[in-house]
Amino acid sequence: MFTAKGLFSAVVCPYQETCTLPKCIFKHLDPKSKASQPAITISDQLSAKDDHGSQRKRQKLNDESERPSSTAEASTVDKETVQPPALRSKAIEKPHKKSFAATREISPPPLKRKAVNGASSSAPSQSQKVPTSTPKAPVKAPLKKEGLNPRALKIPSPASHDMRFRLLKALHTEFVRLNSELAKDAKDDEQKLVLSDQELITRALDLEEVAAGSQSVYSNLVKNKILTYKRMSMKQWVDERTREVAQEEAKEAALKATTLIAKPTEPPKVIETGLTIQEELTLLHRLYTPISGLSSHGYVTNVPTEADIQIAKQGIEAAKGWEVCDRCKTRFEVFPGRREEDGALTSGGKCTYHFGKPYWQDRPSSEPKAKREKKYRCCGESMGDSTGCTHSENHVFKITEVKRLAAILNFEKTPENLEKVSERPVCIDGEMGYTVYGLELIRLTATTWPTGAPLFDVLVRPMGPILDLNSRYSGVWPKDMASALPWTASVPDEPSSSSSKPNLRVVDSPAEARTLLFSHLSPSTPLIGHGLENDLNAIRMIHPVIIDTALLYPHKAGLPYRNGLKALMSTHLNRHIQVVVDGKMEGHDSKEDANAAGDLVRLALANEWKKMSREGWAVRDGEFRPPSSREGPAVPGAPSGPRGGGGGLSVEMLEEGPIKILSVDGAGRKRDRSEMEDGEVDD
């Protein structure tokens, strides 16, 4: 390769509009002055050569102003002084011709540069305002242009090149046939199913390359595929293409939703609803989450029967304690009563795993078509390169089947509580750890809404022997459980002297923690949290009135994908939670998470009231008044049941007339049991 000597500096870059090289050897014109500057032709470049023909050595400059520095000037003077008089006279007689490289216009930097934190790499002036960074949708990389020729393999070839080529060509022929027939009769909505010529080649190459991984049956695999597509009807081809397109769209939607947004540089956002606490409580019913129809996503709506529990127990006995590790996916055996020979709780030895979730690495700006690599956030290693970066003494597992959860501790519905009918909504958050019975509750926190005042914050002693407290995420460490005193209602939590973390007290079982939570609830009390199905299942309770921020701020790809609480707080409120302190992961703070969910609900309520205000709603004389076109008689009391349950601010109820604002003591009307179950619990 030749060195960069400015040989191509006068040639306009053929990829000027899309070039992203930081030091391109070609010339880049300024778009503003591009039209006014004359184009440099080949003859101009040839005329710029010096008198020595093939000589490429730079010559000295005559003009003092053209000399780059004083050092170069001094060196030139020294050389002239040591020259003989004869040579010096010849040098003076022959005028020097200016080098083109020294006189040419300096090329501007490339037009496209990689953005840092959403802003340009160049420093803006004081008068310029740095625009707020907005996440860009990931651009789908164009297909690599390939010919119909077998790809080079990193493993020994399963067949000769001629054999691979003939099989590849036969497979490609069937793809072309099916695609051509589809293109002839494709409707408007089926045009996206038609493949381009390059996509057909890539499809055939991909399939042949996958088959080449099985050397012993390579030929049979490809021949069977050829025969399958040869017998395939047009309807089967359309169905297959429809599934592939749907999968690609789902992946793109998930990628857009998981694209990291730049960290907030602005101060934390202050939530201003424009309403009083009483008015917020009145409108809160518009945000209730109906859980009917969500049983497939973990929400429990019915208490399992004794027959269901017996079936689950029979399955547990048939499994003989064998489970699949939730971290490394290894099969292992659990011994709830400890193994006799050594007292172990599990088999399989130590667990090696990655605690960080995998993510797709960004492509470098210099290689926009480079293959993306999936890496782990915990250690940065690529998937498949390492079995794990973290070690644990035991394998662990979790149970998601409702019948198996009920076989350990059955569910209960929130009982009637006449003393707490008019209480404000409650925010909860639970932390879980691994035991021989799966994932159990080990900490439970409840706060009031919207003030965030604590109701209780207790540790929970699980029913089974502990395998792993999951301290990295739960925030509960062995020393916390070992030093915790029994909880009593008369003794508040004591702050720790070493840090801001309180010295929590412990209750004896999840059932006792559930009873403690029931003492602050009634069936009509709104329960606020993030991913509430996990907390409610760990507590083993069914509550009809909930506001789940995971559903209030849904994922762009839909269920079962969900936005994390940390990401929601960073995106919507510019607040950081669940942070690493002094390089050490202390785990989640359930009180912080509970109040964070409450703040997100207040933000959603503020947005809801803005929407109502734009429609013409107003607060007058202690009542929510609808637009004048829908003005009617005042409602004697504000309905407080959730949407779909005979209450709430439904469309029909809003059209009846103004909504009376309740006092703090009257927030949360008591409803009949039949009214609550028919509308909110899917029996």
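Our structure is the block above this text.
In short, a report on the structure. (Residues numbered from 1 in each chain as written. Predicted model: local features only at pLDDT ≥ 70, side-chain atom pairs only at ≥ 80, totals over all residues. Heavy atoms only, no water.)

1. Thoughts on the pattern of salt bridges
Next up, step 1: This structure, assessed with the given rule, holds 25 salt bridges.
Next up, step 2: Between glutamate 209 and arginine 151 there is a salt bridge, with the nearest N and O atoms lying 2.6 Å from each other. A residue pair is termed long-range when its members are at least 10 positions apart, and glutamate 209 in helix H6 (residues 197-212) and arginine 151 in the loop between helix H4 (100-103) and helix H5 (161-185) qualify at 58 residues.
Next up, step 3: What makes glutamate 209 partly exposed here is its relative accessible area of 34%.
Next up, step 4: A salt bridge links arginine 562 to glutamate 533, with the nearest nitrogen and oxygen atoms 2.5 Å apart. Of the two residues, arginine 562 sits in the loop between helix H16 (549-552) and helix H17 (565-573) while glutamate 533 sits in helix H15 (residues 532-539), which places them 29 residues apart along the sequence.
Next up, step 5: Judged by its relative accessible area of 23%, arginine 562 falls in the partly exposed class. (Salt bridge = Lys/Arg side-chain N within 4 Å of Asp/Glu carboxyl O. Helix = DSSP H or I, 4+ residues; strand = E, 2+ residues; numbered from the N terminus. Buried < 20%, exposed > 50% of the residue type's maximum accessible area, 1.4 Å probe, protein only.)

2. Points about the side chain of glutamate 323
Next up, step 1: Note on placement: glutamate 323 falls in strand S1 (residues 322-324).
Next up, step 2: What makes glutamate 323 buried here is its relative accessible area of 16%.
Next up, step 3: The residues contacting glutamate 323, other than those within four sequence positions of it, are Thr330, Arg331, Phe332, Val334, Phe397 and Arg404. (Contact = heavy atoms within 4.5 Å.)

3. Some words on the environment of threonine 447
Next up, step 1: Within the element layout of this structure, threonine 447 appears in strand S9 (residues 438-448).
Next up, step 2: Not counting chain neighbours up to four residues away, the residues in contact with threonine 447 comprise Pro425, Val426, Cys427, Gly452, Ala453, Pro454, Leu455, Lys591, Ala594 and Asn595.
Next up, step 3: Among the polar contacts listed, one links the side chain of threonine 447 to the side chain of asparagine 595, at a separation of 3.0 Å. (Polar contact = N/O pair within 3.5 Å; in protein donor to acceptor, adjacent residues only side chain to side chain.)

4. Some thoughts on unusual backbone geometry
In most cases, non-glycine residues show a negative phi, while peptide bonds are predominantly trans.
Next up, step 1: Residue proline 450 is bonded to the preceding tryptophan 449 through a cis peptide linkage, with omega at 5°.
Next up, step 2: Mapped onto the elements, proline 450 comes out in the loop between S9 and strand S10 (454-460).
Next up, step 3: The amide bond that connects leucine 559 to the next residue, proline 560, takes the cis arrangement and shows omega of 10°.
Next up, step 4: For proline 560, the position within the fold is in the loop between H16 and H17.
Next up, step 5: At arginine 338, a position not held by glycine, the phi torsion is positive, near 70°.
Next up, step 6: Positive phi outside glycine occurs at arginine 540, with the angle close to 65°.
Next up, step 7: Along the polypeptide, arginine 540 turns up in the loop between H15 and strand S16 (541-542).
Next up, step 8: Owing to a relative accessible area of 4%, arginine 540 belongs among the buried residues under this scheme.

5. Brief notes about the pairing of S10
Next up, step 1: The element S10 is extensively covered by neighbouring structure, given that 5 of its 7 residues are classed as buried.
Next up, step 2: Sheet topology note: the S9/S10 ladder contains 5 bridges and is antiparallel. Paired with alanine 446 across the strands is phenylalanine 456, a residue of S10.
Next up, step 3: From the end of S9 to the start of S10, which pair antiparallel, there are 5 residues, and glycine 452 there has a positive phi angle of about 80°.
Next up, step 4: Sheet analysis places S10 next to strand S14 (residues 505-507), joined by 3 bridges and oriented parallel. Bridge assignment links valine 458 to a residue of S14, and that residue is arginine 505. (Pairing = 2+ DSSP bridges.)

6. Some thoughts on helix H10 (residues 306-319)
Next up, step 1: Relative to the 20 Å expected for 14 residues at 1.5 Å per residue, H10 spans 20 Å between its end C-alpha atoms, a close match to the ideal helical length.
Next up, step 2: Two residues or fewer after H10 comes lysine 320, characterised by a positive phi angle close to 55°. (Expected span 1.5 Å × (residues − 1).)

7. So, the pairing of strand S8 (residues 426-435)
Next up, step 1: The buried count for S8 comes to 10 of 10 residues, which makes it a mostly enclosed element.
Next up, step 2: Residues Val426, Ile428, Gly430, Met432 and Tyr434 point to one face of S8 and Cys427, Asp429, Glu431, Gly433 and Thr435 to the other, with burial holding for every one of them.
Next up, step 3: Here S8 pairs with S9 via 10 bridges, running antiparallel. Directly across from glycine 430, in S9, lies its bridge partner leucine 444.
Next up, step 4: Counting the residues between successive antiparallel strands, the hairpin from S8 to S9 contains 2 residues.
Next up, step 5: As defined by bridge partners, S8 adjoins strand S15 (residues 527-529) across 2 bridges and the pair is classed as parallel. Looking across to S15, one finds that cysteine 427 is bridged to isoleucine 528.

8. Section: a positive patch on the surface
Next up, step 1: Together, Lys269, Lys610, Lys611 and Arg614 make up a region of like positive charge exposed at the surface.
Next up, step 2: As for its placement among the helices and strands, lysine 610 is situated in helix H18 (residues 590-615).
Next up, step 3: When its relative accessible area of 45% is taken as the criterion, lysine 610 is described as partly exposed. (Patch = residues over 30% accessible without salt bridge, like charges linked within 9 Å, V, L, I, M, F, W, Y side chains within 5 Å. Areas by Shrake-Rupley, 256 points an atom, 1.4 Å probe, with all protein chains shown as cover. Lys, Arg positive; Asp, Glu negative; His and termini not counted. Charge placed at Lys NZ, Arg CZ, Asp CG, Glu CD.)

9. Remarks on the packing of aromatic side chains
Next up, step 1: On inspection of all chains with the given rule, the structure shows 6 aromatic pairs.
Next up, step 2: Ring geometry for tyrosine 229 versus tryptophan 237: centroids 6.2 Å apart, planes at 75°, classification edge-to-face. Residue tyrosine 229 shares its accessibility class with tryptophan 237, and that shared class is buried.
Next up, step 3: Members of the aromatic cluster, each reached through a chain of ring pairs, are Phe175, Tyr229 and Trp237.
Next up, step 4: Here the basic side chain of arginine 203 rests over the ring of phenylalanine 175, its NZ or CZ set 5.0 Å away from the ring centre. (Phe/Tyr/Trp six-rings, centres within 6.5 Å; stacked < 30°, edge-to-face > 60°. Lys NZ or Arg CZ within 6 Å of the ring centre and 35° of its normal.)

10. A closer look at the packing of H5 against helix H7 (residues 218-231)
Next up, step 1: In contact at an axis separation of 9 Å, H5 and H7 are set at 20° when each is read in the N-to-C sense. Taken together, the axis directions place H5 and H7 in an arrangement best described as roughly parallel. Relative to H7, the crossing made by H5 is left-handed. Between H5 and H7, the contacting residues are Arg164, Leu167, Ala170, Leu171, Glu174, Phe175, Arg177 and Leu178 on the first element and Tyr218, Ser219, Val222, Lys223, Lys225, Ile226, Tyr229 and Lys230 on the second. (Axes fitted to C-alpha atoms, helices over the stretch in contact; angles between N-to-C directions. Parallel < 35°, antiparallel > 145°, perpendicular 65-115°, else oblique. Left-handed = near helix turned anticlockwise from the far one by under 90°.)

11. Structural notes on H6
Next up, step 1: For H6, spanning 16 residues, the distance from its first C-alpha to its last is 23 Å, which sits close to the expected 22 Å at 1.5 Å a residue.
Next up, step 2: The complete set of buried residues in H6 reads Leu200, Ile201, Thr202, Arg203, Ala204, Leu205, Leu207, Glu208, Ala211 and Ala212.

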